[in-house]
2 protein chains.
Amino acid sequence: MAIWSFFARASRAFHDYPVGSKLLVLCTLSSGGLVAYSESQSHIGSPSVDVNQSEPRKKRVVVLGTGWAGTSFLKDLDASAYDVQVVSPRNYFAFTPLLPSVTCGTVEARSIVEPVRNIIKKRKGEVKFWEAECIKIDATNKQVICRSNIDSNLVGNGEFSLEYDYLVVALGAQVNTFNTPGVLEYCHFLKEVEDAQKIRRSVIDCFEKAILPGLSEEERRTNLHFVIVGGGPTGVEFAAELHDFFQEDLVKLYPSVKDLVKITVIQSGDHILNMFDERISSFAEQKFRRDGIEVQTGSRVLSVSDKEITMNVKSKGEVCSIPHGLVVWSTGVSTRPVVRDLMEQIGQGKRHVLATDEWLRVKGCESVYAIGDCTSVDQRKIREDIVAIFAAADKDKNGRLTISEFQDVMGDLIIRYPQVELYLKSQHLGDVTDLLRDSEGNDRVEVDIEQFKLALSHVDSQMKSLPATAQVAAQQGAYLSRCFNRRDECGENPEGPRRFRSGGQHQFLPFRYKHFGQFAPLGGEQAAAELPGDWVSMGHSTQWLWYSVYASKQVSWRTRVLVVSDWTRRFVFGRDSSRI
Amino acid sequence: MAIWSFFARASRAFHDYPVGSKLLVLCTLSSGGLVAYSESQSHIGSPSVDVNQSEPRKKRVVVLGTGWAGTSFLKDLDASAYDVQVVSPRNYFAFTPLLPSVTCGTVEARSIVEPVRNIIKKRKGEVKFWEAECIKIDATNKQVICRSNIDSNLVGNGEFSLEYDYLVVALGAQVNTFNTPGVLEYCHFLKEVEDAQKIRRSVIDCFEKAILPGLSEEERRTNLHFVIVGGGPTGVEFAAELHDFFQEDLVKLYPSVKDLVKITVIQSGDHILNMFDERISSFAEQKFRRDGIEVQTGSRVLSVSDKEITMNVKSKGEVCSIPHGLVVWSTGVSTRPVVRDLMEQIGQGKRHVLATDEWLRVKGCESVYAIGDCTSVDQRKIREDIVAIFAAADKDKNGRLTISEFQDVMGDLIIRYPQVELYLKSQHLGDVTDLLRDSEGNDRVEVDIEQFKLALSHVDSQMKSLPATAQVAAQQGAYLSRCFNRRDECGENPEGPRRFRSGGQHQFLPFRYKHFGQFAPLGGEQAAAELPGDWVSMGHSTQWLWYSVYASKQVSWRTRVLVVSDWTRRFVFGRDSSRI
C-alpha cells in the first residue's frame, strides 16, 4: 500500500511537471519518505522544489486572479513573510470602471491597465506571477491546477499545479446570460478590456456598413440601432458614452446617416439605475429622454438573434421584436465554472455564490479565502447565537440580564454582528440599551432570555449582501492583506470580538464594508452621484468630481497621467474613429 | 437589339444596387435612352443616381486605397472639380514607418493612424469614402466591384460597383512569401497596424509562456528565440526595437529568463541594410554584434514550421533548422490578386508589377492611373525613340545634327528621359554637348544618325526602378493630384516636353522622383541615415534628427501630438507590457 501510494504521488509529480525539471527521485521505502532532488539547471524557482530548505519554509500563498480584489490584496501584502504566487489569465490589472469610456475611445485601453508585474515588483519580498487560467481548485489536496491560456505554437504544454498553505480566490465572476438564447453568440459584453475594444470596432463597423452604397434606408436604420440590455450603471454609462461619441464626433464624419441613429436601453425593472436613489434614477431618465435615448423599462429579453432582439413588454403584455445593429448585454454576473466546481467539492453546491464567513474564509474548507465578485459574505444571524450570547452576558448566571451585563457584551456584539448597528440606525435608537425597552417603550432594569430574544428578533432583517462592485472587492482585498500581515501578531494578541459560543476571542476583526458612494456618468459632461450620508449630487459639477475621483483612484502614476491626458486629448481633438 | 441592350444595362444596374434605392426605371424605346428616376428617400448619394443632372456632370474619380499614395493624392486634390469616391478596406491612414515602434509599444497604434474621413473632410469639395475592398477592376466597362470587409451580422450584402471616368489605383502590395512553405501559417508580418499589434501581444506571450513553471531551460530558450527574416530597414528596425524593449523594460519584469533571450536576423544577402551605403550597413552590423543580436547573412529560408525555421546557409553549404518562439517575415512585396487580375485584362499578364508610363498612366488601358507600391514606372528607353529624336532635332533635314540643333532639343530630352541627367552625372559630364564628343574626347561640330546613336547608347543603362517606399508613394500621389488639379489649364497650355514621335507637346511634365534620404533606426537611441547628396549620418544625433523628421511628417496635428507624447511617455514610464 505504501508502494502504491508512493507511485501515485510520484506519477502525479511527474504529471504536473511533465517536461519540466528532470527530477531524479530517490526513495527509501523503509521510512516511506520521498526525497526529490532536482537536477534542473534552471534558475526559475519551480514551486515544488523549494520544499526541503534548511530555514523554516515560508507559508505558500496562492492568489487566483488580478482584478480589483486580487490586486488590492497584493498591493498591501507583506510578501516577505510568505511565498506568494499569483495566477491570472491576464498579466495586467484593469481599471474596470473606465471600461465604458474605452468603448468609444474617450480613454484608451492601454491607459487603464497596469502590468501585474509592475505592481508586484514594488512589493517588499518576491511575488511570482504566472499568466495562466486556474482550471481546478483541489481543496482536499490543497493544490490548484492551472493551464496557460496562450493560444499559440510555443513549446511546453503550459499545464502545472501549485500547492498552497493559503489560497486566496479572487477569480471574479462571469457574464450572466440568464440562459437567454442567442446572447453568447450575438451580444457584446463589457467585462474585459478586450470586450471594450471589440465594441469600439463594432460601433465603427455599424457606421461604415450603414453608409455604404446600395442599402435601403431601413437597412441603414437597422445597422445604426444600438441596443443596451440592462439599465445598471455600466449599461447606462455605455449608452451615454455612445451618445456623446455620436453627437460630438461621428456626426461630423458620417453626416448623411445622422438622422438614422438610435440608442435603446432595455431594462427589466421599472426604472434605470434602480440601485441608486430615485432622484438619480429619474434625473437619468429625463436626461436620456432629452438626448433621444429610448429607455424601454419593464421589458424582459427573451432571445437575441443575429438581426433581432425579442422581448416581453410587461406594460403591453405582448412579445415584440426589434431589429438591431449591435447589442451590448450588461445585466449582472454569475459564478465561474471553476468556482462552481469548488462549491460542489465543499458542500456549497446548492448555493448561487461561494459563501465566506465575516473573515472572508470560505465556508466548508480550510485555509481558503475568497474575495471580490466571486464570493458573498454569509453573515451570521444573531438569532442563531442568541442563547450563547445570553449565557455569556449573564455573568452571575441568574437567568436574567441587567443593563450593565448587557452593556458589557454590547461592544463585541456590534463588532460581531454588524446588523445590530444598522438596526439601531434604522429604528433611530440612540443607545444599545434602548433595545431592551419593553413594548410600551419603558426602560427595563433586566430581561430574561425570552424578552432578550424578542428584543433582538428584528435585528437580522437588516442584513444585506454586498453589491458586486470594485469598491467592495478592493476593500476585501485590503482587509485580507491586513489579516495576512498581522497573522503572527494577532495570533498572540487577538484583536477580534469575543467568541460567544466557544469562548475566547476571534483572531481578527471581521470584515466591515464602508460605502464611499457611487457615480453614474450620464454623458454630456454630466454625472450623478450617491455620496456617503445619503447625499445626492447631479449635473456638471458632479462630472468634475467624477474626473477627480477616478484620476486619484488610478493604480499607478503612469495610468493616472495617461487617463488625464486621454481626457485632455478628447477635449482638444475628439475621439478617434479609426477601425483598429 | 436596342431592347436587348436596354435590358442588359437595366439588369446590370439592378444587380449593382440590388437592395439599394428603389429605382423606378422609365424608358423611351424610340430614343433608345434610359432615364432613371430615384424614388429613394435616402440622402446618401448613390453613385449611379447623379448621372442626369442639369448642370454638366463632374468627371467621376474613383480612388482605390488610402495608404501613402492614395492619401497623398487626396490631400492635395481639388475635389470640387470632380466627383470623388474613395474605396479602402481600412477607414484610416497609417503612418507605416512607425509600425516597428508599435510592435513594442514605443508608440501606440492609435497614435499613427488618422481616419480618412478626417482627412477628406478638410478638402475643398465633397469626397465620399466607402470602407470596402475592391475585388475587381473592370477596365473595359470602366467600373470597379467592391465588397464590404466587415465580418459581422449587419444587414445589407455590402457589395456594390462604382463607375469611373478616372481610376486611381493605389492599392499597395502584399507580403511576398516567395512561396516558402509555412510562412503564411506561422510567421508574423509587418505591413498593417493589426500586424504590429499582434506582434506586440505575441512577444509578451513568448515571455509569459517561457517563465511558466514546468518548462525545461531548452523550452524556455526556444520560446524566447525571436527570428526576423529579412535584413531590410523594417526587419532591422524591428530587431532593434525588440532589443530595446527587452533591455529597457522586460528585463526588470522577467529577470529569471533574462539570459535566455535571443534575437536573430536572417538575411539572404551578404549584409543587412544592403540598399544603404555600406558604411551604414557595417555600422548596423557592428552595433547589432555589440547588442548580442545575431545576424545570419547568406542564408535563405527554405521553410517555416510551428516550431522550427529551416534555412540554407550558403557559407557552410548546408541546410540547418533552428527552433523559434516567434518569426517576423519582412522580405519584400508582391502584387495583390486584384491588381494581377487587372494586369491580365490589359495585356500585362507576363509582368511582375503593374506598369505605368512616366505620367503614372497604366499602360494598356485608358483613364487608369496607378501610384504607390502596386505599380512601377516603366521608363521609356531613349534608344527606342532615337530616330524620332534625331529627325525632330534635325531642323534643316540635312541628315546631320549641329551642336545648336542638339541644344534645341536637349531641354525636352532631359525632361522626357530622366536617365540622361543621371548619365551625365555618372560620367561627370558638365554639359550635354559633351555627349557629342568623339571617341578621343574632341568636340565635334556635327554628328550623323549613327554617331548620335552611339553617343546616347549607354544612357539607358542609368534607368533605375523606384523602391517601394512611402516616400515614392507620397510623391506620386502629390504629383498625380497636381495633374488632376491642372487638367483644364494644361489642356490648353501643355506644360510637358515635346513629343518627339507624334509632334506637339505632352500635357504634363512627367513624374520625377526626388530622394530626400532614408533612415534606419538601430536601437539604443542611435540611428543611421542616408541624406541627399550622398551624406551619411550615424549615431545619437541622427536619432534626434529621426525624431524631428518623423514628428514633422505626421499627417495631422493630432497624430503629431500623440506620437510625441508617446515618445515622452516611453522615456518617463517605459513601455507597457500588458497583453492587450
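Keep in mind it's a predicted model, so treat the numbers as computed, not measured. (Residues numbered from 1 in each chain as written. Chains lettered and ligands numbered in written order. Predicted model: local features only at pLDDT ≥ 70, side-chain atom pairs only at ≥ 80, totals over all residues. Heavy atoms only, no water.)

Some remarks on the overall build of chain A
When helices and strands are counted, chain A shows 18 helices and 28 strands. Along the three orthogonal principal directions, the C-alpha set of chain A runs to about 80 × 80 × 45 Å. Going through the 580 residues of chain A one by one, you find that 54% of them count as buried. Here the contacts in chain A between residues at least 6 apart in sequence split such that 63% fall between residues at least 24 apart. In the structure as shown, chain A presents an accessible area of about 25,700 Å², 51% of it carried by carbon and sulfur atoms. Of the charged side chains in chain A, 70 are positive and 74 negative; the average position of the first set lies 3 Å away from that of the second. (Helix = DSSP H or I, 4+ residues; strand = E, 2+ residues; numbered from the N terminus. Buried < 20%, exposed > 50% of the residue type's maximum accessible area, 1.4 Å probe, protein only. Contact = heavy atoms within 4.5 Å. Areas by Shrake-Rupley, 256 points an atom, 1.4 Å probe, with all protein chains shown as cover. Lys, Arg positive; Asp, Glu negative; His and termini not counted. Charge placed at Lys NZ, Arg CZ, Asp CG, Glu CD.)

With respect to a positive patch on the surface
On the surface, a cluster of positive charge is made up of A:K75, A:K121, A:K122 and B:K252. Relative to the elements of secondary structure, B:K252 occurs in helix α8 (residues 233-253). (Patch = residues over 30% accessible without salt bridge, like charges linked within 9 Å, V, L, I, M, F, W, Y side chains within 5 Å. Salt bridge = Lys/Arg side-chain N within 4 Å of Asp/Glu carboxyl O.)

Concerning helix α12 (residues 403-416) of chain B
Residues and elements named next belong to chain B. Between its first and last C-alpha atoms α12 spans 19 Å; for 14 residues at 1.5 Å apiece the expected length is 20 Å, and the two agree. For α12, the principal kink sits at M410 and spans about 40°. Against the buried residues of α12 lie α11 (386-393), β24 (400-402), α13 (419-426) and α14 (449-455). (Expected span 1.5 Å × (residues − 1). Bend = angle between axes of the 7 residues up to and from the residue.)

Overview of the side chain of B:N176
Residue and element names in this part refer to chain B. You can see N176 is positioned in the loop between β12 (174-175) and α5 (183-186). Classification of N176 by relative accessible area gives buried; the value is 17%. With near-sequence residues (within four places) excluded, N176 lies in contact with W329, T331, G332, V333 and S334.

Some words on the packing of helix α2 (residues 68-76) of chain A against helix α15 (residues 470-485) of chain A
Residues and elements named next belong to chain A. As a packed pair, α2 and α15 sit with axes 7 Å apart at the nearest point and diverge in direction by 35°. Where α2 crosses over α15, the two elements pack in a sense that is right-handed. Only A470, A473, A474, G477, A478, L480, S481, F484 and N485 of α15 make contact with α2, whose side of the interface consists of W68, A69, S72, F73 and D76. (Axes fitted to C-alpha atoms, helices over the stretch in contact; angles between N-to-C directions. Left-handed = near helix turned anticlockwise from the far one by under 90°.)

Brief notes about the relation of the copies chain B and chain A
When chain B is fitted to chain A, the best match, at an RMSD of 0.1 Å, comes from turning it 180° and sliding it 0.0 Å along the axis. Such a combination of turn and shift is consistent with a two-fold rotation axis. When the interface residues of chain B are mapped onto chain A, 99% of them again lie at the interface, so the same face is used by both copies. (Least-squares fit on C-alpha atoms with pLDDT ≥ 70 in both.)

So, the interface of chain B and chain A
Taken together, the 71 residues of chain B in the interface contact 70 residues of chain A. Interface area lost by chain B to chain A is led by B:R110, B:V155 and B:I580, which between them contribute 12%. One can count 8 salt bridges joining chain B with chain A. The interface formed by chain B and chain A holds 20 residue pairs in polar contact (both at pLDDT 80 or more) in total. For the side of chain B that touches chain A, the secondary structure elements donating two or more residues are β6 (113-115), α4 (116-121), β7 (127-131), α6 (193-210), α7 (217-223), α8 and α18 (557-573) of chain B. For the side of chain B that touches chain A, the per-class residue count stands at 30 nonpolar, 20 polar and 21 charged. (Buried area = accessible area lost by both parts, 1.4 Å probe. Polar contact = N/O pair within 3.5 Å; in protein donor to acceptor, adjacent residues only side chain to side chain. Nonpolar A, V, L, I, M, F, W, Y, C, P; charged D, E, K, R; others polar.)

Looking at the pattern of salt bridges
All names here are of chain B. Throughout the structure, instances matching the rule amount to 81 salt bridges over all chains. Residue K136 is joined to D341 by a salt bridge in which the shortest nitrogen-to-oxygen separation is 3.2 Å. With K136 in strand β8 (residues 133-138) and D341 in helix α10 (residues 337-345), this pair connects stretches of sequence that are 205 residues apart. Among the ionic pairs, E159 bridges to R147, the shortest N-O distance being 3.2 Å. You can see E159 sitting in strand β10 (residues 159-163) and its partner R147 sitting in strand β9 (residues 143-147), a full 12 residues away along the chain. We classify E159 as partly exposed; its relative accessible area is 30%.

Some words on the packing of aromatic side chains
For the structure shown, the criterion picks out 48 aromatic pairs over all chains. Ring centres of A:W130 and A:F160 lie 6.5 Å apart, and the angle between their planes is 75°; this geometry places the pair in the edge-to-face category. You can see A:W130 sitting in strand β7 (residues 127-131) and its partner A:F160 sitting in strand β10 (residues 159-163), a full 30 residues away along the chain. As far as burial versus exposure is concerned, A:W130 and A:F160 are alike and both buried. Their ring planes at 45° and their centres at 5.7 Å tell us that B:W546 and B:W567 sit as a pair that is tilted. (Phe/Tyr/Trp six-rings, centres within 6.5 Å; stacked < 30°, edge-to-face > 60°.)

Side note on the pairing of strand β4 (residues 82-88) of chain B
All names here are of chain B. For β4, the buried fraction is high: 7 of the 7 residues fall into the buried class. Residues Y82, V84, V86 and S88 of β4 are buried on one face, and the alternating residues D83, Q85 and V87, pointing to the opposite face, are buried as well. As paired elements, strand β3 (residues 59-64) and β4 share 6 bridges and run parallel to each other. Counted as the bridge partner of L64 is V87 from β4. Following the backbone out of β3, through helix α2 (residues 68-76) and into the adjacent parallel β4, one traces a crossover that is right-handed. (Pairing = 2+ DSSP bridges. Right-handed = clockwise from strand over helix to strand, strands pointing away.)

Remarks on a nonpolar patch on the surface
Taken together, A:W544, A:F571, A:V572, A:F573, B:W557 and B:V561 make up a surface patch of nonpolar side chains, about 670 Å² in accessible area. By residue number, the principal contributor to the nonpolar patch is helix α18 (residues 557-573) of chain A, which donates 3 residues. Positionally, B:V561 belongs in helix α18. Given the relative accessible area of 37%, B:V561 is considered partly exposed.

Here's the deal with the environment of B:K316
Residues and elements named next belong to chain B. Mapped onto the elements, K316 comes out in the loop between β17 (308-313) and β18 (318-323). Relative accessible area serves as the criterion here: at 57%, K316 is assigned to the exposed category. Separated by 258 residues in sequence, K316 and G574 have C-alpha atoms that sit 41 Å apart.

Digging into the pairing of strand β4 (residues 82-88) of chain A
As paired strands, β4(A) and β7(A) are joined by 5 bridges and run parallel to one another. Paired with A:Q85 across the bridge in β7(A) is A:K128.

Overview of the confidence of the model for chain A
In this model, chain A carries an average pLDDT of 87, and 91% of its residues clear a pLDDT of 70 or more. As scored by the predictor, the complex reaches a pTM of 0.87 and an ipTM of 0.86. (pLDDT = per-residue confidence, 0-100.)

A closer look at the sheet that holds strand β27 (residues 526-531) of chain A
Residues and elements named next belong to chain A. Spatial ordering of the open sheet is given by β26-β27-β28, a layout of 3 strands whose pairing is antiparallel. Among the strands making up the open sheet, the edge pair consists of β26 (518-523) and β28 (535-539). When strand polarity is set aside, the average angle formed by the axes of neighbouring strands in this sheet is 10°. Examined bridge by bridge, β27 and β28 share 5 bridges and lie antiparallel to one another. Across the sheet, residue L531 finds its bridge partner in β28, namely W535. The strands touched by helix α9 (residues 278-291) are β26, β27 and β28; relative to β28, the strand with the most contacts, the crossing angle is about 10°.

Overview of the side chain of A:T356
If you trace the backbone, A:T356 turns up in strand β21 (residues 354-356). Setting aside chain neighbours within four positions, we find A:T356 in contact with A:R361, A:V362, A:K363, A:A370, A:T375, A:S376, A:V377 and A:D378.

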